[in-house]
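# Structure at a glance
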Amino acid sequence: MKFKRFFLFTLLALLAVFLTACGSAPASSWPGMAADADGTHVYLASGSYVYNVQVKDGSEVTVNTPDSATPVPARFPLKADGGKSFNAAPALTSDGQILIGSGATSDHTFYSYDPLTTNVKWTIPTNNSPWMTGALVIKDAVYAPGGDGNLYAYSLTGQQRWVSSISKHSLWSAPVTDAAGKLIYLVTLDHQVVAVNPANGKPAWTVTLDTSILGSPAVAGDMLVVGTLSGKLYALDQATGSQKWVSTLDGEIWGTPGYDGSNVYIGTVVNKAGKFYAVNASNGQTVWSKDDDGSITAGPLVTNDQIIYGTELGKIQSVDKTGTPKWQATIENAHMYTPPLLAGNMVIVAPMNATFLLAAYDLNGAQKWTFVAK
Amino acid sequence: MGNIFDVLIVNPFMNALLLIYAFVGNFGISIILFTILVRLVTHPLMVKQIKSSTAMQQLMASEEWQKIQEKNKGDKEKLAQEQMRIYSEKGISPFDSCLPTLIQMPILIGFYQSIIRAIGVTPLQLLGLVRTIYPGLENITPAASLSALIPIQSQFLWMNLGLPEHVSVPGLPFAIPVLAIIVGLTTYVQTKLTIQPSASPNDQSAQMNQMMGLYMPVLLFYFALNFASGLAVYFITSNLVGIAQYAALGKVNWSNLFKFGPAKPQPKAKSGKRS
């Protein structure tokens, strides 16, 4: 009988462990980050917090609170409550707000907070779905793509302007706009590219592509360049959505393409390996391509003279515009799913599964600092 | 170890689930159909488990068993020896009722994981999903191609199968977890209906059965409350099919449903207890 009782408890305990080990999904996503306009601070959304890190030395900004005699890290929220989870790239407004939605299953709130105090300024009420991606700020308005498939337009003081139904599925990619801010462009998991009028939320045009689109569109001159899960790279006219060219690449496209004025750069996922492409933006022809041992999910960072991308094997690769390697760095056991970011003259990366949350490299590939949350 | 489990159990289950989804076009119905299929495939194991349990119950209700309990009350070693002798004589193994459960456990866990992975509610999960879809799946039906499968239509009735389910009622300050409540209720009903009466309401087996009747509904209610509602759909279907299977075998103990103590002893057990 003792054996039976022991067996029963072991069985239930094992069941609980195995089932809970698979956990609540939305917490398990890669981090998002953004830098302020002058490149002095990086805001990293990773798990329970949004961190505020100084680009000059990788130290965390601190804030004085009534509860503590010494300054505490200026994280949002100041104390993790377990109910919030942040993984989207934060959006920054010209008046100093940080905007981000919680991707947790229990908290579905979109927050505006002051990075100097971490106090909440306003929120977008719960929409019963996690916020999976970052918002777009154009002048005095914020456009937040919801987990319920709606695009929410709010003023920078938190007044709702309109809500537009974009997809039956959760929106996973941040919206982008053209240079003049005439239209907002979104992509959906149900194969669509949608252009929306920022004034009223009405679609200007909708184009259906062959498969799901996971990366945001790249604005390339008067075109939008969008990659799909089938490996097709489409160039669409910004004003009408008409197709200018399509190029079929090897593997799946997960990220947002980069653009340097003449070429479009994008990596692909070829099962566990990857391939990186430079594609002529005027006709879609491949200019050069490079095989990689690790898959490339994130879009590249394009600077004046180099293109920098990360791989799933933890490698950060810099190449020049002809595809010749300039430098590379590898973070052991890490996965690079988040696009690298340029802040000032530093390349910032946010690896998953590393011993630190952020690392900064100069433009020659020398590591300058790492950020570990204490 | 995790990889072997994935390759042998989770990935085949996930692909089977996606194939059903490709045919029916509704992920909720796919979960229901696949649950029924898995329960049918594991039915022979369940039958074996019931038979072994019944044999054990009969043995424990027998006079011979009761006598050796009484006789060796103070000598545990001797009691164990006597019990083993009777097991041997009757050709019963106490492990026979555990083994089918042990075999079913990886199937249950694998099925749970396959549901969670197939829904793919984050980019990271979708990356894993895309990599584990068998390339040959689209040869069976074009609806099983990557472009047709992704995104999974996770809306079923009023719920998003990738998220925990709650129903907001106007005027109420909180949402009601309808599905989790149904999971708790069906688990309770299933446990009550399918627990076989014990030889003695005071023996450890009866106490364990009573604990099961309390723990399992609470445990599964908690899972359904916090995890993707696709899992709750699986729990409810599994519970209902389980009751139907026991009913088909004539093993449903309806008298237990509204009794809140240990399962009512069978007449034979009563006489055994008297000694």
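All values reported here derive from a predicted model rather than from experimental measurement. (Residues numbered from 1 in each chain as written. Chains lettered and ligands numbered in written order. Predicted model: local features only at pLDDT ≥ 70, side-chain atom pairs only at ≥ 80, totals over all residues. Heavy atoms only, no water.)

Before going further, it helps to spend a moment on the overall build of chain A. Across its full length, chain A carries one helix and 33 strands. In chain A, buried positions account for 59% of the 374 residues. Within chain A, contacts between residues at least 6 apart in sequence are counted, and of these 37% link residues at least 24 apart. Looking at chain A as shown, the accessible area adds up to about 14700 Å², and 51% of this sits on carbon and sulfur atoms. (Helix = DSSP H or I, 4+ residues; strand = E, 2+ residues; numbered from the N terminus. Buried < 20%, exposed > 50% of the residue type's maximum accessible area, 1.4 Å probe, protein only. Contact = heavy atoms within 4.5 Å. Areas by Shrake-Rupley, 256 points an atom, 1.4 Å probe, with all protein chains shown as cover.)

Secondary structure assignment for chain B yields 13 helices and four strands. Taking all 275 residues of chain B together, 52% fall into the buried category. By sequence separation, contacts in chain B at least 24 residues apart represent 75% of the contacts at least 6 residues apart. Surface summary for chain B: the accessible area is close to 13200 Å², and the carbon and sulfur share equals 65%.

Let us now look at the pattern of salt bridges. Under the criterion given, the structure shown has 15 salt bridges over all chains. Residue K244(A) is joined to D222(A) by a salt bridge in which the shortest nitrogen-to-oxygen separation is 3.5 Å. Of the two residues, K244(A) sits in strand β21 (residues 243–248) while D222(A) sits in the loop between β18 (218–220) and β19 (223–227), which places them 22 residues apart along the sequence. For K244(A), a relative accessible area of 41% puts it in the partly exposed group. With relative accessibility at 47%, the residue D222(A) sits in the partly exposed group. A salt bridge links R131(B) to E312(A), with the shortest nitrogen-to-oxygen separation between them at 2.5 Å. With R131(B) in helix α7 (residues 123–132) and E312(A) in the loop between β27 (307–310) and β28 (315–319), this pair bridges two chains. For R131(B), a relative accessible area of 21% gives the class partly exposed. (Salt bridge = Lys/Arg side-chain N within 4 Å of Asp/Glu carboxyl O.)

Moving on, we come to the packing of helix α3 (residues 43–61) of chain B against helix α4 (residues 63–71) of chain B. Residues and elements named next belong to chain B. It is at 4 Å that the axes of α3 and α4 come closest, and there the two elements cross at 60°. Regarding the angle of α3 to α4, the classification is oblique. Contacts between α3 and α4 involve L59, M60 and A61 on the former and, on the latter, E63, W65 and Q66. Across the contact of α3 with α4, the residue classes tally to four nonpolar, one polar and one charged. (Axes fitted to C-alpha atoms, helices over the stretch in contact; angles between N-to-C directions. Parallel < 35°, antiparallel > 145°, perpendicular 65-115°, else oblique. Nonpolar A, V, L, I, M, F, W, Y, C, P; charged D, E, K, R; others polar.)

Residues and elements named next belong to chain A. Of the two faces of strand β31 (residues 346–349), both are covered, the one formed by M346 and I348 as well as the one formed by V347 and V349. Count of turn residues in the strand β30 (residues 341–343)/β31 antiparallel hairpin: two residues, of which G344 carries a positive phi of about 65°. Where β31 lies against strand β32 (residues 358–361), three bridges are found, and the strand directions are antiparallel. Paired with V347 across the two strands is Y361, which belongs to β32. (Pairing = 2+ DSSP bridges.)

In a beta sheet, neighbouring strands pair by backbone hydrogen bonds and run either parallel or antiparallel. Residue and element names in this part refer to chain A. Here we have four strands laid out as an open sheet, ordered β18-β19-β20-β21, and antiparallel in their pairing. What marks the edges here is a single partner per strand, and that holds for β18 and β21. Across the sheet, the mean angle separating the axes of adjacent strands is 20° when strand polarity is ignored. Pairing analysis gives five bridges linking strand β20 (residues 232–237) to β21, with the strands arranged antiparallel. For Y234, the partnering residue across the bridge sits in β21 and is V246.

Residues and elements named next belong to chain B. A cluster of nonpolar side chains, namely F23, V24, I29, L33, I36, L40 and I140, defines an oily patch on the protein surface of about 610 Å² accessible area. Looking at the nonpolar patch, the elements with two or more residues in it are α1 (2–24) and α2 (27–41). Considering each element in turn, the nonpolar patch owes the most residues, four residues, to α2. Within the element layout of this structure, F23 appears in helix α1. (Patch = residues over 30% accessible without salt bridge, like charges linked within 9 Å, V, L, I, M, F, W, Y side chains within 5 Å.)

Bringing the confidence of the model for chain B into the picture now. Residues and elements named next belong to chain B. Averaged over all residues, the pLDDT of chain B equals 82, while 85% of them reach at least 70. Taken element by element, the predicted model of chain B shows its lowest mean pLDDT in helix α13 (residues 267–274) (41) and its highest in α2 (93). Note that residues 266–275 has pLDDT below 50 and, in this model, twelve contacts with residues that lie over four places away or in other chains. (pLDDT = per-residue confidence, 0-100.)

Moving on, we get to α4(B). Residues and elements named next belong to chain B. Looking only at α4, the buried set comprises W65, Q66 and I68. Buried positions in α4, seen along its axis, are confined to an arc of 165° and lie on one side of it. Exposed and oriented more than 90 degrees from the buried face of α4 are E63, K67 and K71. (Arc of directions from axis to C-beta.)

Residues and elements named next belong to chain B. With 15 residues, helix α5 (residues 76–90) ought to run about 21 Å at 1.5 Å a step, and its terminal C-alpha atoms sit 21 Å apart, in line with that. Inspection of α5 places L79, E82, Q83, I86 and Y87 among the buried residues, and these make up the whole buried set. Along the axis of α5, the buried residues cluster in a sector spanning 140°; they form a single face. Along α5, exposed side chains directed more than 90 degrees from the buried face belong to E77, M84, S88 and E89. Contact partners of the buried residues in α5: α3 and α4. Structurally, the start of α5 carries an N-cap: the backbone nitrogen of E77 is 3.3 Å from a side-chain oxygen of D75. (Expected span 1.5 Å × (residues − 1). Polar contact = N/O pair within 3.5 Å; in protein donor to acceptor, adjacent residues only side chain to side chain.)

Turning next to unusual backbone geometry. With omega at -10°, the peptide bond leading from F76(A) into P77(A) counts as cis. Residue position: P77(A) is located in the loop between β5 (72–73) and β6 (91–92). The residue after I150(B), namely P151(B), is reached through a cis peptide bond having omega 0°. Inspection of the secondary structure puts P151(B) in the loop between α9 (146–149) and β1 (155–156). The residue K139(A) is not glycine, and still its phi comes out positive at about 50°. Looking at where K139(A) falls in the secondary structure, it is placed in the loop between β10 (136–138) and β11 (141–145). Assessed through its relative accessible area of 68%, K139(A) is described here as exposed. Here H191(A), not a glycine, exhibits a phi torsion of approximately 75°, which is positive.

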